[in-house]
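Structural characterization, general
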Amino acid sequence: MTKAGLEDVVAATSTICDVNGKEGRLIYQGYDIHDLAKHSTFEETVYLLWFGRMPTKTEYETLVKELKANRQLPATVIKVMKDFPKTTPPMDVLRSAVSVLAMFDPDALDNGREANIRKATRLTSQFPTIIAHWDNIRNGKEPIAPRTDLSTAGNFLYMLNGKEPDELSTRSLDIALILHADHELNASTFAARVAAGTLTDIYSAIVAAIGTLAGPLHGGANQEVIKMLLKIGEEPKVEAHIKKMLEEHKKVSGFGHRVYKTEDPRATHLRKMSEELGKREGNLKLYNMSRKIEEMILADKGLYANVDFYSASVYYLLGIPQDLFTPVFAMSRISGWTAHVLEQYSNNRLIRPRAEYTGPSNLNYVPLEQR
Ligand code: ACO
């Protein structure tokens, strides 16, 4: 029996992430996302996803050191990026820069686990640099070199804005990175696993994942959400705008989920962060508009906000340019993608499903000149 969109099809076993759509629970390697968001850091979460357990203090410090040491991009990659058209969408830049990076990786020809962990470390370190450098380059500025004394979140905001972020901004982004790090067999992770299942290299798998995340039904939705909020512009206009969208049977970005049929536990944290950051700005407009939309969609469609809904106002309030929202998602999800690629390699079987053929049969070939 064909399942449109592979809904509810179990396509792999995995210890990395459990999504319980009925109860609205998200677990990384046995740890509840609420605990991780409260107590962990993105770097510690990366360790957890890759190695299947929490690090000791030494293991944690070693990974943090490695992640900091690998932030620089090879000069040629920066040179190539400077030649890209300035209007190139940042997700396309990320996808292309990762392809170029593959050619400079000293472990490029080694597909063993140790080499792949080194590659995963480099990719996780270099994603924020690619994204921030691109924003500098397209604005006619020299890229701001990464610092080695800041966290992944702090360094990214520093490279983007040229000034060290405050604690609230750094911790907000850090939590957002924890929340986005993995999500079982979402479309981009599945794409990465399908690629890895052919035993192609990790860079190829990640390029496939980046292209898949970019779509508006997946990670691209956070950018659509901010576009919608800014288009609506003010709270009193929310009702008419959303009513019209629903009447026209348009999808409202940031709502609905293939697996969650209740509150997405990531949205719980992002909603709170959106409010906190709004209060800091002395402007709760985006938060209030978002709350109103949330109420309307739940009442009308029975749909809950997903991870992309409140991350939009959070990123906006952190001063992140709108078209970098999906790349910021990728900056976190690279940890989950690489964890899944490592898991796929460790117990690989080619992923090759079947299609139910619904086309014609027994047609007779008619030579071109007789058609
Ligand atoms: N707004 C309005 N209606 C919606 C929405 C929405 N956001 N999402 C689903 N629906 C409706 C559909 O129109 C459909 O109604 P119908 O049965 O009357 O035709 C029904 O709910 C089922 O929707 P599907 O698209 O078939 O559900 P599916 O499980 O395939 O899709 C998806 C899930 C893609 C997330 C969908 O809810 C959607 O398009 N949401 C908007 C985009 C979005 O926010 N994507 C990010 C998802 S989270 C992530 O990827 C990180």
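Bear in mind the structure is a predicted one, so any value in this text is a computation, not a measurement.

Throughout the structure, instances matching the rule amount to 24 salt bridges. Among the ionic pairs, Arg 53 bridges to Glu 59, the shortest N-O distance being 2.8 Å. Taking the relative accessible area as the measure of exposure, Glu 59 reaches 24% and is therefore partly exposed. A salt bridge links Glu 343 to Arg 193; the nearest nitrogen and oxygen atoms lie 2.7 Å apart. Here the residue Glu 343 occupies a position in helix α16 (residues 325-346), and Arg 193 occupies one in helix α9 (residues 187-196), the gap between them amounting to 150 residues.

With that settled, the discussion passes to the site of the ligand. What surrounds the ligand is a group of 19 residues, the closest being His 218, Lys 251, Val 252, Gly 254 and Arg 258. The separation between a nitrogen atom of the ligand and a polar main-chain atom of Phe 255 is 2.8 Å. Measuring from an oxygen atom of the ligand, one finds a side-chain N or O atom of Asn 306 at 2.9 Å. Contact with the protein chains covers 66% of the free accessible surface of the ligand, which is 910 Å². Residue composition of the shell around the ligand, grouped by class: eight nonpolar, six polar and five charged.

The geometry of helix α6 (residues 113-138) relative to helix α10 (residues 202-213) is characterised by a closest axis approach of 11 Å and an angle of 40° between their N-to-C directions. Compared by their axis directions, α6 and α10 come out oblique. Where α6 crosses over α10, the handedness of that crossing is right-handed. Residue-level inspection shows Asn 116, Lys 119, Leu 123 and Phe 127 of α6 in contact with α10, the latter providing Ile 202, Tyr 203, Ile 206 and Ile 210.

Of the two faces of strand β1 (residues 17-20), only one is covered, namely that formed by Cys 17 and Val 19; the face formed by Asp 18 and Asn 20 stays uncovered. When β1 meets strand β2 (residues 25-28), the two strands line up antiparallel, connected through four bridges. Counterpart to Asn 20 in the pairing with β2 is Arg 25. Joining the antiparallel neighbours β1 and β2 is a turn of four residues, in which Gly 24 adopts a positive phi near 70°.

Moving on, we come to the sheet that holds β2. Read across the sheet, three strands follow the order β1-β2-β3 without closing on themselves; strand pairing throughout is antiparallel. Each end of this open sheet is capped by a strand with a single partner; those strands are β1 and β3 (31-32). Here β2 pairs with β3 via two bridges, running antiparallel. By the bridge assignment for β3, Ile 27 is matched with Asp 32.

Contact geometry of helix α11 (residues 221-232) with α16 gives a least axis separation of 7 Å together with a crossing angle of 145°. In terms of crossing hand, the pair formed by α11 and α16 is right-handed. Between α11 and α16, the residues in contact are Asn 222, Gln 223 and Ile 226 and Phe 325, Thr 326 and Phe 329, respectively. Considered class by class, the residues forming the contact of α11 with α16 number three nonpolar, three polar and no charged.

Glancing now at helix α12 (residues 238-247). Every buried residue of α12 is listed here: Val 238, Ile 242, Met 245 and Leu 246. In an axial view of α12, the angular spread of the buried residues amounts to 95°, which keeps them on one side of the axis. Turned more than 90 degrees off the buried face of α12, the exposed positions are Ala 240 and Glu 247. For α12, the secondary structure elements touched by its buried residues are α11 and α14 (285-301). Looking one or two places after α12, you find His 249, whose phi comes out positive at around 55°.

This part is about the nonpolar core. Grouped together as the largest cluster of nonpolar side chains are 105 residues, with contacts concentrated most on Leu 173, Ile 242 and Ile 293. Tallying contributions element by element places α16 first for this core, with eleven residues. When residues are assigned to domains, this core turns out to be shared by domain 1 (11-216 + 324-346) and domain 2 (221-317), each giving three or more. Contacts of Ile 293, omitting those with residues within four sequence positions, involve Met 228, Leu 229, Ile 232, Val 238, Ile 242, Val 252, Phe 255 and Phe 309.

To continue, consider the side chain of Asn 222. The residue Asn 222 is located in helix α11 in this model. Of the polar contacts made by the side chain of Asn 222, one reaches the backbone oxygen of Phe 325; its length is 3.2 Å.

Turning our eyes to something else, we now look at the environment of Leu 48. Secondary-structure assignment places Leu 48 in helix α2 (residues 42-51). In this structure Leu 48 comes out as buried when scored by relative accessible area, which is 0%. Placed 222 residues apart in sequence, Leu 48 and Leu 270 show a C-alpha to C-alpha distance of 22 Å. Setting aside residues no more than four positions away along its own chain, Leu 48 makes contact with Tyr 28, Gln 29, Tyr 31, Leu 36, Arg 53 and Met 54.

Glancing now at the domain arrangement of the chain. What the domain assignment reports for the chain is domain 1 (11-216 + 324-346) and domain 2 (221-317). When each unit is reduced to the centre of its C-alpha atoms, the spacing between domain 1 and domain 2 is 25 Å. Counting from both sides, the interface comprises 28 residues of domain 1 and, opposite them, 26 residues of domain 2. Both sides together, the interface formed by domain 1 and domain 2 hides about 2,100 Å², and carbon and sulfur atoms give 65% of it. There are one salt bridge connecting domain 1 and domain 2. In this structure, the salt-bridge partner of Arg 280 is Asp 166, at a minimum N-O distance of 2.7 Å. Going through the elements one at a time, β1, β2, α1 (33-39), α8 (167-180) and α16 are the ones with two or more residues in the side of domain 1 that touches domain 2. Looking at the side of domain 1 that touches domain 2 element by element, the count peaks at eight residues for α8.

About the thresholds
Residues numbered from 1 in each chain as written. Predicted model: local features only at pLDDT ≥ 70, side-chain atom pairs only at ≥ 80, totals over all residues. Heavy atoms only, no water. Salt bridge = Lys/Arg side-chain N within 4 Å of Asp/Glu carboxyl O. Buried < 20%, exposed > 50% of the residue type's maximum accessible area, 1.4 Å probe, protein only. Helix = DSSP H or I, 4+ residues; strand = E, 2+ residues; numbered from the N terminus. Near = heavy atom within 4 Å. Polar contact = N/O pair within 3.5 Å; in protein donor to acceptor, adjacent residues only side chain to side chain. Areas by Shrake-Rupley, 256 points an atom, 1.4 Å probe, with all protein chains shown as cover. Nonpolar A, V, L, I, M, F, W, Y, C, P; charged D, E, K, R; others polar. Axes fitted to C-alpha atoms, helices over the stretch in contact; angles between N-to-C directions. Parallel < 35°, antiparallel > 145°, perpendicular 65-115°, else oblique. Left-handed = near helix turned anticlockwise from the far one by under 90°. Contact = heavy atoms within 4.5 Å. Pairing = 2+ DSSP bridges. Arc of directions from axis to C-beta. Core = buried A, V, L, I, M, F, W, Y, C linked by side-chain atoms within 4.5 Å. Domains from an automatic or database assignment. Buried area = accessible area lost by both parts, 1.4 Å probe.

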